[in-house]
Amino acid sequence: MTHDHLDAAARPASRPFGRLITAMVTPFTPDGSLDLDGVAQLASHLVDEQGNDALVVNGTTGESPTTTEAEKEQLIRTVVEAVGDRAKVVAGVGTNDTRHTIELAAAAEKAGAHGLLVVTPYYNKPPQAGLVRHFTAVADATGLPVMLYDIPHRSGVPIETETLVRLGEHGRIVAVKDAKGDLTETSWVTSRTALAFYCGEDALTLPALAVGSVGVVGTSTHFTGALTAQLIDAYDAGDMPTALALHRRLLPLFTGIFRTQGAILVKAGLAAQGLPAGPVRPPLVDATDDEIAQLRADFAAAGLELPE
């Protein structure tokens, strides 16, 4: 079923996964193995202290390229047990192999996930018809709602507007993590479909809301979550001055967390706060002293403190 412009504009935007979602890092022990107690503690912190409505587990920020299938299943079960009664748990299951993605999706459903995050197949650069086939097959494979992840600067291929409109007709494809950085295309899709768009670039959260997005899947939100939720709530209430003031305040962290790969600086910041994080796994490398000092400056510029 398709929706014309007026139908879409007349409907209130749904939020199948709430408004504030963090792509959670995976805490490891000093030797690089899973820290499942730390995983549960961090998940609880992100929901109870930072105000997240949902968490993405096994995303790129969770170092999913380096975790085994057994570890991925353990992570989902641990987070569901810790916060599943008060937040949605969305499992990253996307790979560049449709069959493998379906296997991961089935395992995530069995482990208790509430939804799936499925990234565009990367590196092998399928045509748009291949993307339709891939995403449809994954959505058909379980009973879980699906959030597509459109991030062409990592995957090599955008999910084009007409493809998103077509995929939006699938009953279980309900949302998009939009890291394309093209608000014109976002505008077209949000005006033509009922897909819930979640901004995938922290610093674009406010402008994305203005063109029809419903929230954010963030990285800096490990630290800015409560204030980012206030930003979204202010926008919803029509309080543009407050929303804009929060946007400008948080810009140093929205952008600073990506001075190097996001998981690296998130883990450094969490460690400084005394929260579970541990090292990153190769090929990532832990933050340098200079990077941590810059992160501390970015916190201060956002009116937040990162302990020495």
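Scroll up a little and you will see the structure.
Read on for a plain summary of the structure. Computed from a prediction, not measured in an experiment: that's the story for all the values here. (Residues numbered from 1 in each chain as written. Predicted model: local features only at pLDDT ≥ 70, side-chain atom pairs only at ≥ 80, totals over all residues. Heavy atoms only, no water.)

### Structural notes on unusual backbone geometry
Rule in force here: In this text, helices come from DSSP runs of H or I with a minimum length of four residues, and strands from runs of E with a minimum of two, each type numbered from the N-terminal end.
Omega for the peptide link from Pro282 to Pro283 comes to 20°, which places this bond in the cis form. Here the phi dihedral of Asn58 falls at roughly 65°; this positive angle occurs in a residue that is not glycine. Take Asn58: it is sitting in the loop between β2 (54-57) and α3 (69-83). Even without a glycine there, the phi angle at Tyr123 is positive, about 75°. Along the chain, Tyr123 falls in the loop between β4 (115-119) and α5 (128-141).

### Points about the packing of aromatic side chains
How we decide: Two aromatic rings, drawn from Phe, Tyr or Trp (for Trp, its six-membered ring), form a pair once their centres lie within 6.5 Å of each other, and the interplanar angle then sorts them: stacked below 30 degrees, edge-to-face above 60, tilted otherwise. Exposure is judged per residue with a 1.4 Å probe applied to protein chains only, and the accessible area is read against the type maximum: over 50% gives exposed, under 20% gives buried, and values in between give partly exposed.
In total, this model carries two aromatic pairs according to the counting rule given. Relative to Tyr198, the ring of Phe17 lies with its centre 6.4 Å away and its plane at 55°, an arrangement referred to as tilted. Taken together, the residues Phe17 in the loop between α1 (5-10) and β1 (20-23) and Tyr198 in strand β7 (residues 196-199) connect sequence positions 181 residues apart. Summarising the burial analysis for this pair, Phe17 and Tyr198 share the class buried. Ring centres of Phe223 and Phe299 lie 5.1 Å apart, and the angle between their planes is 65°; on these two criteria the pair is classed as edge-to-face. Note that Phe223 is positioned in helix α10 (residues 221-236) and Phe299 in helix α13 (residues 289-301), a separation of 76 residues in sequence.

### Quick look at the pairing of β4
A regular strand carries its side chains on alternate faces of the sheet. Applied cut-off: Pairing between strands is defined by DSSP: at least two bridges between the two strands are required. Looking down the strands as they point away from the viewer, one classifies a crossover as right-handed if the path from the first strand across the helix to the second runs clockwise.
Buried residues dominate β4, accounting for five of its five residues. Here β4 shows a buried face lined by Gly115, Leu117 and Val119 and a second buried face lined by Leu116 and Val118. Looking at chain direction, strand β3 (residues 88-92) and β4 are connected through three bridges and run parallel. The partner of Val90 across the bridge, within β4, is Gly115. For the handedness criterion, the β-α-β arrangement of β3, helix α4 (residues 98-111) and β4 is classed as right-handed. Alignment of β4 against strand β5 (residues 146-150), held across four bridges, turns out to be parallel. Each bridged residue has a counterpart across the sheet, and for Leu117 the counterpart in β5 is Met147. Running through α5, the crossover from β4 to the neighbouring parallel element β5 is right-handed.

### Considerations on the packing of α4 against α5
Applied cut-off: Axes here refer to lines fitted to C-alpha atoms; in helices the fit is confined to the stretch in contact. Angles between the N-to-C directions go from 0 to 180 degrees. When an angle is under 35 degrees it counts as roughly parallel; over 145 it counts as roughly antiparallel; between 65 and 115 it counts as roughly perpendicular; any other value is oblique. Should the near helix be turned anticlockwise from the far one by less than a right angle, the crossing is termed left-handed; should it be turned clockwise, right-handed. Contacts are assigned to residue pairs with any non-hydrogen atoms lying within 4.5 Å of each other. Put simply, Ala, Val, Leu, Ile, Met, Phe, Trp, Tyr, Cys and Pro go in the nonpolar bin, Asp, Glu, Lys and Arg in the charged bin, and everything else, Gly too, in the polar bin.
Running from amino to carboxyl end, α4 crosses α5 at an angle of 25°, the nearest separation of the two axes being 9 Å. It follows from the interaxial angle that α4 and α5 lie roughly parallel. Relative to α5, the crossing made by α4 is right-handed. Taking contact as the criterion, the partners of Thr98, Thr101, Ile102 and Ala105 in α4 are, on α5, His134, Ala137, Val138 and Ala141. Grouping the constituent residues of the contact of α4 with α5 by class yields five nonpolar, three polar and no charged.

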